[in-house]
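Reading the structure
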Amino acid sequence: MVGVKMAAAAAASIRERQTVALKRMLNFNVPHVKNSTGEPVWKVLIYDRFGQDIISPLLSVKELRDMGITLHLLLHSDRDPIPDVPAVYFVMPSEENIDRMCQDLRNQLYESYYLNFISAISRSKLEDIANAALAASAVAQVAKVFDQYLNFITLEDDMFVLCNQNKELVSYRAINRPDITDTEMETVMDTIVDSLFCFFVTLGAVPIIRCSRGTAAEMVAVKLDKKLRENLRDARNSLFTGDTLGAGQFSFQRPLLVLVDRNIDLATPLHHTWTYQALVHDVLDFHLNRVNLEESSGVENSPAGARPKRKNKKSYDLTPVDKFWQKHKGSPFPEVAESVQQELESYRAQEDEVKRLKSIMGLEGEDEGAISMLSDNTAKLTSAVSSLPELLEKKRLIDLHTNVATAVLEHIKARKLDVYFEYEEKIMSKTTLDKSLLDIISDPDAGTPEDKMRLFLIYYISAQQAPSEADLEQYKKALTDAGCNLNPLQYIKQWKAFAKMASAPASYGNTTTKSMGLLSRVMNTGSQFVMEGVKNLVLKQQNLPVTRILDNLMEMKSNPETDDYRYFDPKMLRGNDSSVPRNKNPFQEAIVFVVGGGNYIEYQNLVDYIKGKQGKHILYGCSELFNATQFIKQVKCVFHLLLLTYPKLL
Amino acid sequence: MAVDITLLFRASVKTVKTRNKALGVAVGGGVDGSRDELFRRSPRPKGDFSSRAREVISHIGKLRDFLLEHRKDYINAYSHIMSEYGKMTDTERDQIDQDAQTFMRTCSEAIQQLRAQAHKEIHSQQVKEHRSAVLDFIEDYLKRVCKLYSEQRAIRVKRVVDKKRLSKLEPEPNTKTKESMFSEKVSQNPSKDSEEKPITEEYPEKIPAEAQPELGSWGDGRGEDELSPEEIQMFEQENQRLIGEMNSLFDEVRQIEGKVVEISRLQEIFTEKVLQQEAEIDSIHQLVVGATENIKEGNEDIREDSKIRLQD
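This report concerns the structure included in the present document. (Residues numbered from 1 in each chain as written. Chains lettered and ligands numbered in written order. Predicted model: local features only at pLDDT ≥ 70, side-chain atom pairs only at ≥ 80, totals over all residues. Heavy atoms only, no water.)

Turning our eyes to something else, we now look at the packing of aromatic side chains. All names here are of chain A. Taken as a whole, this structure holds 22 aromatic pairs over all chains when the rule is applied. Taking 4.6 Å as the distance between ring centres and 35° as the angle between the ring planes, the aromatic pair formed by phenylalanine 28 and tyrosine 114 counts as tilted. Linking phenylalanine 28 in the loop between α2 (14-26) and β1 (43-47) with tyrosine 114 in strand β4 (residues 112-117), this pair joins segments that are 86 residues apart in sequence. Considered together, phenylalanine 28 and tyrosine 114 belong to a single accessibility category, that of buried residues. Here the aromatic rings of phenylalanine 199 and phenylalanine 200 are separated by 5.2 Å at their centres, their planes lie at 80°, and the arrangement is edge-to-face. Under the relative-accessibility criterion, phenylalanine 199 is labelled buried at 0%. Residue classification places phenylalanine 200 among the buried positions, given a relative accessible area of 0%. Taken together, Tyr276, Phe286, Trp325, Phe333, Tyr600, Tyr603 and Tyr620 form an aromatic cluster joined through their ring pairs. Taking the ring centre of phenylalanine 28 as reference, the NZ or CZ of lysine 43 above it sits at 4.9 Å. (Phe/Tyr/Trp six-rings, centres within 6.5 Å; stacked < 30°, edge-to-face > 60°. Helix = DSSP H or I, 4+ residues; strand = E, 2+ residues; numbered from the N terminus. Buried < 20%, exposed > 50% of the residue type's maximum accessible area, 1.4 Å probe, protein only. Lys NZ or Arg CZ within 6 Å of the ring centre and 35° of its normal.)

Written out as structure tokens, the structure reads:
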């Protein structure tokens, strides 16, 4: 049954789809078929920074090579003419890009041109290119022109962000600053909607949209609904007709798109975390699936007069091929450390096996006994040799994760992040606190000033009642003593006052973390991960606000928080503004998009939530990804602008 | 899904053309434009490099087609019993092997030549990179086509080995009757039967060794024309034992053959790896030599320096 097959293919990940689309584009816009005795075809790939950000998490340089790409170059770089080679362009249709492409045409850089625009190009810009092509008599060389609708970056099978290059434009700061004009807001919203539209075109589905009222998310929802509606009405050019949906249509049901605004939950971006991927993002320089480490080689006993040792910079790509990463990116950190140790041990065992064979081989020809031992050693040797590449790859991954996990562990130990995590979990779940907040803040050993600020902000946000003036002064003094800048606090105060949530501060569920007590060592001797003094905390599932909202909407539960969310269905003929959903059945697929920025903690929470539900899938997206440091910076900025715009406010 | 707007583009080109005409702007921008047109009309000078690269590719393509065309006949094991259409003698197969090998050799030489010449006269880093990548692709293509060849050759060799094995050892039902015949014949005629020659050639040591005691024990009945029931039974048992031994020997040989094939495969892998390492070892050698030189010079300098210092 076709329907059944489609349901099975339904949850093809967004990463797969985007990769397939890219590969087709690289194959001269023709579906790619593997042929082991096919003739090689070579080409040159030209991209702008947007294109680069989209391609780099999905295709490695080797994979580009496999598709026949000999060179990949930035559009705005010096490029020499390379005769007799077709060029594939993958760029945004911006003014400068178009100008540069026209220049390329005039300079006759390549043999033929395959132009692919990341998002749709306007008619007038297309005419500009036509003009340049005519002037250069190069019209015949422009072989194909395509609108790719790929204007979003996929980081995981089920996670995407809007963009990286111009994320300033759609950042939290940009959306929330008080001095924004209407036109500027329009631009920001248009950018977001364009990307979301591209996302749904690539996904091949028209969602049902729900959003909260009175927020930026609502503006996005209205615009997106309008854009989808317009496209569906235009029967000739609709991007969602049957054949374009093809093999990838979602199951019988359409997906749910939940648009939320960052402001419903400001505690999660500040939260200290305990899972591997979120930790790496919080503590190290982690960006578009690449982590940059600074290795400080031991500088203890450098002889006098020697040049100071340079710190090695290493960067690693954390890809879908990395099995260890895929398995453990959501695991609590102690588990990760243990698993790395286990992998290392099994690798060593295999290595020893290979070495043993080597010594047995040395006995060859000496006596009958050895020769008979050889009988199945030949087979063993064959399998050992053929498994060598696999073994080497394993070693590389183990090294990678050892380095990364060690770096993370150093931060944890230096800043006592486990203490913060535990405490914040307790605050957010409203269990009794065994230590006073003041103690932690005043403790000079625990954490950077920023860590303390984060902790206090979470406390402030989650508190049912605002702390008394006296208490507040005490905290403020402690924070200032610890070296914190108090601006974020002021901002949060304002936010709390303004936000509708002020009366009912977001509750974070009612389960707690269990501390397994202090463990002096997690692993046996010889382990590199000496977690001395680090608590082995076990995460218990608790739903963050975003997850809760999703749960209500997806399962059609009635809840005062989500009952008055707006409802949009672009496929319906009449714009339906009611909040009454027509569809009464729970959704199988959902996409959560946070306008204003998101992070890995939220993502992980959603992943954990959906793990328990058979046959349901969630995709998580946000306008940008930030860790707590970056978020606080933005908050400070907004606060400054607030002060400038409304000096009388405070 | 991507949207093909090539037609839209062509329409835009037409629009722009008509608009330019209407505005009086000459298409192609006047004198320069006409020159460009002329330039365009003459065939674009195809790079020497790329035309030769394409030549090599088409050669390899021919080789591939040649191999694929004859592949079916080549690996057809039963061609000696099929009609003329499917037949391919061994000499023909050898011919194909030889031709393919010479072809492959010429192709890889051509690639080496191209590689040497590719980097001359070119100053642009990008073009150099592009060319070496193109050559890598061509080499890879050649490798893939060579794999075709080596696969079918491996199949042929295996079939030959199998055939030899089958022809040396008779299939089981025949073995039994032949064994009984053998034992009878032994009683009548101690010399070995010509039919059994292939088997006995194979296991000369074992059979005489086994045969001797048997001959000895049958020595009594040698002269008799009829065999008593006990003797028949003994002969039967003997037959069974011999059959068992033959079978186990047969198994052993099969195992050994398997090992040999594996070993040859391993050797292939090792050769490949060693060749790969050759380049690395060469470069290491260079580095070491350079380093030794540097150290020597360094020592000299230090010596001179200390001499000078002492003098002061």
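Text resumes after the structure shown.
Once that is clear, we can look at the packing of helix α11 (residues 276-283) of chain A against helix α15 (residues 388-415) of chain A. Residue and element names in this part refer to chain A. For the pair α11 and α15, the least separation of the axes is 10 Å and the interaxial angle reads 70°. If you check the angle between α11 and α15, you find them roughly perpendicular. With respect to the hand of their crossing, α11 and α15 are arranged in left-handed fashion. Residues Tyr276, Leu279, Val280 and Val283 of α11 touch α15, and the partners they reach there are His401, Val404, Ala405, Val408, His411, Ile412 and Arg415. Looking at the contact of α11 with α15, its residues break down into 8 nonpolar, 2 polar and 1 charged. (Axes fitted to C-alpha atoms, helices over the stretch in contact; angles between N-to-C directions. Parallel < 35°, antiparallel > 145°, perpendicular 65-115°, else oblique. Left-handed = near helix turned anticlockwise from the far one by under 90°. Contact = heavy atoms within 4.5 Å. Nonpolar A, V, L, I, M, F, W, Y, C, P; charged D, E, K, R; others polar.)

Opposite the 57 residues of chain A that make contact, chain B presents 49 residues. Between chain A and chain B, the buried area comes to about 4800 Å², and carbon and sulfur atoms account for 62% of it. Taken as a group, Trp42, Asp84 and Leu134 of chain A account for 14% of the area that chain A buries against chain B, more than any other trio of residues on that side. Applying the counting criterion to the chain A and chain B interface returns 3 salt bridges. In this structure, the salt-bridge partner of arginine 54 of chain B is aspartate 84 of chain A, at a minimum N-O distance of 3.5 Å. Summed over the shared surface of chain A and chain B, the result is 11 residue pairs in polar contact (both at pLDDT 80 or more). Residue assignment for the side of chain A that touches chain B shows that the elements contributing at least two residues are β2 (69-74), α6 (123-135), β5 (142-147), α8 (182-203) and α14 (368-386) of chain A. Sheet analysis places β5 of chain A next to strand β1 (residues 3-4) of chain B, joined by 2 bridges and oriented antiparallel. Each bridged residue has a counterpart across the sheet, and for aspartate 147 of chain A the counterpart in β1 of chain B is valine 3 of chain B. (Buried area = accessible area lost by both parts, 1.4 Å probe. Salt bridge = Lys/Arg side-chain N within 4 Å of Asp/Glu carboxyl O. Polar contact = N/O pair within 3.5 Å; in protein donor to acceptor, adjacent residues only side chain to side chain. Pairing = 2+ DSSP bridges.)

By secondary structure assignment, the location of methionine 428 of chain A is in helix α16 (residues 417-428). We classify methionine 428 of chain A as buried; its relative accessible area is 1%.

One pass over the structure, following the stated rule, counts 43 salt bridges over all chains. In this structure, arginine 454 of chain A and aspartate 451 of chain A form a salt bridge, with 3.8 Å as the shortest nitrogen-oxygen distance. A residue pair is termed a helical-turn pair when its members lie 3 or 4 positions apart in one helix, as arginine 454 of chain A and aspartate 451 of chain A do in helix α18 (residues 449-462) at 3 residues. Using a relative accessible area of 0% as the deciding quantity, one classes aspartate 451 of chain A as buried. Several salt bridges share partner residues, and in doing so they unite Arg65 of chain A together with Arg115, Asp136 and Glu139 of chain B into one network.

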